[in-house]
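# What the coordinates show
Chain by chain, the residues run as shown.
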Amino acid sequence: MLWIKFAVSAMVIIFSGSRLSRYGDIIAEKTGLGGSLVGVVLMASVTSLPELVTGISAVVFVGAPDIAVGDVLGSCVFNLFILAALLDAIHKPMPITTTAHHGHILSAAAGIVLLCITAFCILFPHYNFAVGWIGIGSLLIFLLYPVALKIIGEYEKKQIAVSKEAQTDLKYEQMTLRQAAIRYAVHAAIVVVAAAILPEIGTQIAAESGLGQTFVGSILMALTSSLPEVVVSMAAVRIKAVDMAIGNLFGSNLFNLFILAVDDLFFQQGPLLNNISPSHVFSAGTAIVMTAISIIGLTYRAQRKYWLWGWDSIAMIVLFVLNFILLLLQTGIA
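Residues numbered from 1 in each chain as written. Predicted model: local features only at pLDDT ≥ 70, side-chain atom pairs only at ≥ 80, totals over all residues. Heavy atoms only, no water.

### Observations concerning the nonpolar core
Stated formally: The nonpolar core is taken to be a set of buried Ala, Val, Leu, Ile, Met, Phe, Trp, Tyr and Cys residues, with the residues joined through side-chain atoms within 4.5 Å. Note on exposure labels: buried denotes an accessible area under 20% of the residue type's maximum, exposed denotes more than 50%, and partly exposed covers the range between, all computed with a 1.4 Å probe on protein chains only. In this analysis, two residues are considered to be in contact whenever any of their non-hydrogen atoms come within 4.5 Å of each other.
Core analysis: the largest hydrophobic core is formed by 71 residues, its most contacted members being Leu-83 and Leu-87. Contact partners of Leu-83, with chain neighbours within four places excluded, come to Asp-88, Ile-96, Ile-246, Leu-249, Phe-250, Ser-294 and Met-316. Among the nonpolar cores identified, the runner-up in size contains 6 residues, and Tyr-23, Tyr-172, Met-175 and Ala-180 belong to it.

Below, the structure written as structure tokens:
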């Protein structure tokens, strides 16, 4: 029954998450935002709602900080895996990083900064001293996240002004902003309810299967809560909105790390990152290296694919598999 409940919750998130993203896209069009900025800010916050609700529910109602942190860091790794394994595979004929614009390097680099702060706090908890009950690392993330969005937003506005592409043909003339906003709110509520159920189910699966909260949070919960990103990003690539797809994934990782700081705010037993398994540093380190590889790919712009993927995507896929194996070894199963 646990797995059935888990599957039903996952399917609800897939369904409403994809609808939520579509209405978010309509709202973006009606308000005149650029494609990359929509991906980094609007779409990312939409598709990351499951991580937000799952994390708060895990620390407040379930008392499972490892699931909350594992969900966030595992989602960061999985989002980069989506970029490498899925988006690059369906993008023809060149590697996807070749056609994306350089502005994504900003959001990727900002993600590395926040990931480094997180990894440092996990490795050296005695330096992550509490301000009240919140860790100094989380306070730094609270401070740097809006700064990163401001820098990215200003860069995108400059690019739009230079290219004179502030407005393209309308895709959603048949729907008003008010209609889109109402439907957006309905599907957001559905995603919130479905995601709130997952931490308790995940905790029970961890206890009954012997997999442990770190593995369940980093793999099972992260996979489920990243499903909206999968649906939205693949659909964007199919309609040749590559920058929106990539912006969604890098933006989701930024928002996920902001969620980690929010989780710390709700976790009142002390700094969140001081009360988890050190093995979460595997996922944080993997996300850092995978993001760095994607920056190299965006800069180098290789013209050739090896079967379905560019060399950068192959390297990121290998890292994802290695992280999975390390987490399995940590549980004592492999």
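### Focus on unusual backbone geometry
Defined as follows: Here a helix means four or more residues in a row that DSSP labels H or I, a strand means two or more in a row labelled E, and each is numbered from the N terminus.
The amide bond that connects Lys-92 to the next residue, Pro-93, takes the cis arrangement and shows omega of -5 degrees. A positive phi angle, close to 60 degrees, is found at Arg-301, a residue other than glycine. Looking at the secondary structure, you find Arg-301 in the loop between helix 12 (280-300) and helix 13 (311-331). The phi torsion at Trp-307 lies on the positive side, around 70 degrees, for a residue other than glycine. Its place among the elements puts Trp-307 in the loop between helix 12 and helix 13. The class for Trp-307 is exposed, based on a relative accessible area of 72%.

### Some remarks on the pattern of salt bridges
Put simply, the rule reads: For this analysis, a salt bridge means a side-chain nitrogen from Lys or Arg found within 4 Å of a carboxyl oxygen belonging to Asp or Glu.
Counted by the stated rule, this structure contains 2 salt bridges. Of the charged contacts in the structure, one is a salt bridge between Asp-88 and Lys-305, with a shortest N-O distance of 3.7 Å. In this pair, Asp-88 sits in helix 4 (residues 65-90) while Lys-305 sits in the loop between helix 12 and helix 13, placing the two residues 217 residues apart along the sequence. Residues Asp-88 and Lys-305 agree in their burial class; the two are buried.

### A few points about the packing of helix 4 against helix 10 (residues 227-238)
Keep this limit in mind: Here, axes are lines fitted to C-alpha atoms. For helices the fit covers the stretch in contact, and angles between N-to-C directions go from 0 to 180 degrees. Roughly parallel covers angles under 35 degrees, roughly antiparallel covers those over 145, roughly perpendicular covers 65 to 115, and oblique covers all other angles. When the near helix sits turned anticlockwise from the far one by under a right angle, the crossing is termed left-handed; a clockwise turn instead gives a right-handed crossing. Each residue is assigned to one of three groups, with Ala, Val, Leu, Ile, Met, Phe, Trp, Tyr, Cys and Pro labelled nonpolar, Asp, Glu, Lys and Arg labelled charged, and all others, Gly among them, labelled polar.
Orientation of helix 4 relative to helix 10, taken along the N-to-C sense of each, is 30 degrees, at an axis distance of 10 Å. When the axis of helix 4 is compared with that of helix 10, the two are roughly parallel. Two packed elements cross with a definite hand, and for helix 4 against helix 10 that hand is right-handed. When helix 4 is examined against helix 10, the residues Phe-78, Asn-79, Ile-82, Leu-86, Leu-87 and Ile-90 are found in contact with a partner set consisting of Glu-229, Val-230, Ser-233, Met-234, Val-237 and Arg-238. The residue makeup of the contact of helix 4 with helix 10, split by class, is 8 nonpolar, 2 polar and 2 charged.

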